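Observations on the three-dimensional arrangement
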Amino acid sequence: MKRKEFLGRLIGELTNFMLENNPLRLVISLHQEDDGAHISFFDDQPRSEKELEQIRASLNPKTQRPELAQYYGQMAGNDMAWGARLKLIGWQIKHASVSNSDSGLQIDLWLGSDAFNPENFTLDGKI
Amino acid sequence: MERTEKSLYTIMLIFIIGLAVMGLALDGPTQTLKGFLHLQVRGARLINDFTQAGAGSAMFNAALVGLIGLIIVFFATISLSGPTIAAIFTMVGFGFFGKTPLNALPIIGGVWIAARLAHKTLGSYSLIALFGTALGPVVTFIMFEMGLPLSLSIPLGLFSGLVAGFILPGVARSMLQLHQGYNLYNTGFSCGFIGLFLSGLLIASNKMEPITIIWNTANESALVLFIPILSLFLILSALIIDGFSHIRETIQALFKLQNLSGRLPTDLFDAGTAGSALINMALLGLVSSLYVALVKAPFNGPVIGGILTVMGFGGFGKTLKNIWPVVAGVVLATLVFGKQLSDPGPILAALFCTTLAPIAGQFGIVAGIVAGFIHLFMVETTAVWHGGLDLYNNGFAGGLTASLIMAMLQWYKTNRPKEDFQV
């Protein structure tokens, strides 16, 4: 239940973010293992390098903020009426990679326990 | 620990130790300690101005309450930044009218037990633990106001504090969903919700006493000067942290902060520079003091507590730009309903209504004024509901106001035809 809620919140918030650009196509791919998960988001809206850097910075905060993640992280994915807040996601995940794919924006989220190693995943081989 | 965080620890320690020393110097060590002990063994429900028992004792008590907060942040190994500084300033502020080390610690203990059961660290729940001390009056009410023998009331008070703290994390996280982060004092909203049930229980068992207001009207010069001196200290600290040669960047960052909505969780120390956030806090303190002086309200415990809370949240969501419309709404409501701006209710509402600053920050001046207007008449009602057991009564009223406004705005936003699929 905990894992389902957590994944649902993260997917909801990031979906909210990607839908703000009104894409014609949005693909979400989830791969779960015992100690972690990998979620990929693709759309058909390429972003500028500046936008990519801003997204990267929001999803990969410089410091861990457990006090904010545990308390305010609950708001992630709960409110689709207003602008998405990527920092709510960034505090709760292990790592995020952000780039422009062939068609548009691609965001990969890596999440899991402390033992989780994102190096064990390769997106191409898993989806 | 980074250099900036070390500097922030130094600033907080100077602030807390300075306050304690000022307290001891003001009333003399013996009288201060006597007064401090007296504050521990009396009721602390709203509105209980501790400066009535001596400004020095109140200052010393506030400093110790703040020190507890700082120690928890240090040992929980979480960042001393916007949210935690807001929590510590709020604790110090309410140390002037309701919080004591005795009534704060059981609540923190309860949150710690909840964290252990959820397999989390206290650090993860630290903000709830620190802000949750708003329920401290529950402990002292049961210990010293219910008329029970001390052998029974003390363990019962401690146990009640633990229980209140234990249920707080669950409630606090749920209450966030109601207002979506537009009420900065979310823990106050949650404590008020819990307070409703506790008050109901006490009323059912004929143990609830009506609320009384202890309000010191003497303007002691130490209390009048306290906030301006603290604000100047913060400005000086800001310039040292950011570097005197970077004043231009600090000012630019300060202007950038003014454009943020302030919606939870906005850490202004992260969004700008540490110096710009400290100057923002200082400016809020100076402006608040000016307002209190202009309306000729006394600089007593609750008012100082209110200003310190505004200043603390100057690192966690409040800016000069997003607070003024809400304060204007409270002032307008005060005048419309024929009240005095310097009366206890309106002056505290004018300071604490800034909990709704994110509404003005996100939706504009009119929304902020409307929120402030509603807040005034709500806050004068809600204290009775929870019997003054929730010290953050404005957080409770603010939560209700924000929830109402957000429900309406959300309904409007989600029903706009132009965002629907075309027929």
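Everything numeric here is computed off the predicted structure, so don't read it as measured data.

Regarding the overall build of chain B
A count of helical and extended segments in chain B gives 19 helices and 0 strands. For chain B, the C-alpha radius of gyration of 20 Å lies close to 22 Å, the compact-globule estimate for 423 residues. Here the C-alpha coordinates of chain B stretch approximately 70 × 55 × 50 Å along the principal axes. Partitioning the intrachain contacts of chain B with sequence separation of at least 6 by distance along the chain shows that 79% fall at a separation of at least 24.

Observations regarding the overall build of chain A
Assigned secondary structure in chain A consists of 5 helices and 4 strands. When its helices and strands are written in sequence order, chain A yields α-β-β-α-α-α-β-β-α. For chain A, with 127 residues in total, the buried portion stands at 34%. Of all intrachain contacts in chain A linking residues separated by at least 6 positions in sequence, the fraction that spans at least 24 positions is 65%.

Topic: the pairing of strand 1 (residues 26–33) of chain A
Residues and elements named next belong to chain A. Sheet topology note: the strand 1/strand 2 (residues 36–43) ladder contains 8 bridges and is antiparallel. Opposite S29, over in strand 2, you have S40 as the bridge partner. Between the end of strand 1 and the start of strand 2, which pair antiparallel, lie 2 residues.

What to know about the nonpolar core
All names here are of chain B. With 172 residues, the main nonpolar core has A63 and V111 as its most contacted residues. The two domains that each donate at least three residues to this core are domain 1 (3–204) and domain 2 (221–410). Once residues lying within four places of it in the same chain are set aside, the contact partners of A63 are I16, L19, A20, G23 and V92.

Details of the domain arrangement of chain B
Quite often, the size of an interface is put as the accessible area lost when its parts meet. Residues and elements named next belong to chain B. The domain architecture assigned to chain B consists of domain 1 (3–204) and domain 2 (221–410). Look at where the C-alpha atoms of domain 1 and domain 2 centre, and you get two points 20 Å apart. Taken together, the contacts link 55 residues of domain 1 with 53 residues of domain 2. Of all the secondary structure elements, the ones that give two or more residues to the side of domain 1 that touches domain 2 are helix 1 (3–27), helix 3 (55–75), helix 4 (82–94), helix 7 (136–144), helix 8 (150–179) and helix 9 (186–204). At 11 residues, the largest contribution of residues to the side of domain 1 that touches domain 2 is made by helix 9.

Things to note about the sheet that holds strand 2 of chain A
All names here are of chain A. Reading across from one edge, 1-2-4-3 is the order of the 4 strands in this open sheet, with antiparallel pairing throughout. Two strands close off the open sheet at either side, each with one partner strand: strand 1 and strand 3 (95–100). Strand-to-strand twist of the sheet, defined as the mean angle between neighbouring strand axes without regard to direction, takes the value 10 degrees. Against the sheet, helix 1 (residues 2–19) makes contact with strand 1, strand 2 and strand 4 (105–112), and its axis sits at roughly 15 degrees relative to strand 2, the strand it touches most.

Regarding helix 1 of chain B
Residue and element names in this part refer to chain B. Helix length check: helix 1, at 25 residues, gives a terminal C-alpha distance of 37 Å against a target of 36 Å (1.5 Å per residue), a fit within 8%. Those residues of helix 1 not exposed but buried are L8, I11, M12, F15, I16, L19, A20, G23, L24, L26 and D27. As for helix 1, its buried residues are in contact with helix 2 (29–40), helix 3, helix 4, helix 10 (221–242) and helix 13 (274–294). In the segment just after helix 1, G28 is the residue with positive phi, at about 85 degrees.

Description of the interface of chain A and chain B
Each partner contributes to the interface: chain A provides 13 residues, whereas chain B provides 22 residues. Looking at the side of chain A that touches chain B residue by residue, the class counts come to 6 nonpolar, 4 polar and 3 charged.

A look at the environment of I89(A)
Residue and element names in this part refer to chain A. Looking at where I89 falls in the secondary structure, it is placed in helix 4 (residues 86–90). I89 sits in the buried class, given 27 other C-beta atoms within 10 Å. Linking I89 and L10, residues 79 residues apart in sequence, is a C-alpha distance of 6.2 Å.

Here's the deal with the environment of T355(B)
Residues and elements named next belong to chain B. With respect to the helices, strands and loops of the structure, T355 is situated in the loop between helix 16 (344–352) and helix 17 (357–363). Between the C-alpha atom of T355 and that of N183, which follows or precedes it by 172 residues, the distance is 5.5 Å. If sequence neighbours within four positions are ignored, T355 has contacts with N183, L184, Y185, N394, G395 and G398.

Comments concerning unusual backbone geometry
Cis peptide bonds are those with omega within 30 degrees of zero, and the linkage from L46(B) to I47(B) qualifies with -20 degrees. Note that I47(B) resides in the loop between helix 2 and helix 3. The amide bond that connects L264(B) to the next residue, P265(B), takes the cis arrangement and shows omega of -10 degrees. Looking at where P265(B) falls in the secondary structure, it is placed in the loop between helix 11 (247–258) and helix 12 (268–271). Although it is not a glycine, N22(A) sits at a positive phi angle of roughly 50 degrees.

Here's the deal with helix 19 (residues 393–414) of chain B
For helix 19 of chain B, spanning 22 residues, the distance from its first C-alpha to its last is 31 Å, which sits close to the expected 32 Å at 1.5 Å a residue. The secondary structure elements touched by the buried residues of helix 19 of chain B are helix 8, helix 9, helix 16, helix 17 and helix 18 (365–385) of chain B.

A look at the packing of helix 9 of chain B against helix 19 of chain B
Relative orientation and spacing of two packed helices are given, respectively, by the angle between their axes and the distance between those axes. All names here are of chain B. Direction vectors running N to C along helix 9 and helix 19 enclose 95 degrees, while the axes themselves pass 7 Å from each other. Between helix 9 and helix 19, the interaxial angle falls into the category roughly perpendicular. Seen from helix 9, the contacting residues are N186, T187, G188, F189 and G192; seen from helix 19, they are N393, N394, G395, F396, G398 and G399.

Notes on the pairing of strand 3 of chain A
Residues and elements named next belong to chain A. Relative to strand 4, strand 3 runs antiparallel, the two being bridged by 6 bridges. Following the sheet pairing, S99 is matched in strand 4 by Q106. Between strand 3 and strand 4, which pair antiparallel in sequence order, lie 4 residues.

Focus on the confidence of the model for chain B
With 100% of its residues at a pLDDT of at least 70, chain B reaches an overall mean of 95. Predicted as a complex, the structure gets a pTM of 0.94 and an ipTM equal to 0.88.

Considerations on the environment of A218(B)
Summarising the element assignment, A218(B) is placed in the loop between helix 9 and helix 10. Between the alpha carbons of A218(B) and P298(B) there is a distance of 6.7 Å; along the sequence they are 80 residues apart.

A few points about the packing of helix 4 of chain B against helix 14 (residues 301–312) of chain B
All names here are of chain B. For the pair helix 4 and helix 14, the least separation of the axes is 8 Å and the interaxial angle reads 175 degrees. The pairing of helix 4 with helix 14 is recorded here as roughly antiparallel in orientation. Across the interface between the two elements, I85, A86, F89, T90, V92, G93 and F94 from helix 4 touch I304, G305, G306, L308, T309, M311 and G312 from helix 14. Classifying every residue of the contact of helix 4 with helix 14 gives 8 nonpolar, 6 polar and no charged.

Thresholds, definitions, all that
Residues numbered from 1 in each chain as written. Chains lettered and ligands numbered in written order. Predicted model: local features only at pLDDT ≥ 70, side-chain atom pairs only at ≥ 80, totals over all residues. Helix = DSSP H or I, 4+ residues; strand = E, 2+ residues; numbered from the N terminus. Rg over C-alpha atoms; globule rule 2.2 N^0.38 Å. Contact = placed C-beta atoms within 7 Å. Buried ≥ 20, exposed ≤ 12 C-beta atoms within 10 Å, placed from the backbone. Pairing = 2+ DSSP bridges. Core = buried A, V, L, I, M, F, W, Y, C linked by C-beta atoms within 7 Å. Domains from an automatic or database assignment. Axes fitted to C-alpha atoms, helices over the stretch in contact; angles between N-to-C directions. Expected span 1.5 Å × (residues − 1). Nonpolar A, V, L, I, M, F, W, Y, C, P; charged D, E, K, R; others polar. Parallel < 35°, antiparallel > 145°, perpendicular 65-115°, else oblique. pLDDT = per-residue confidence, 0-100.

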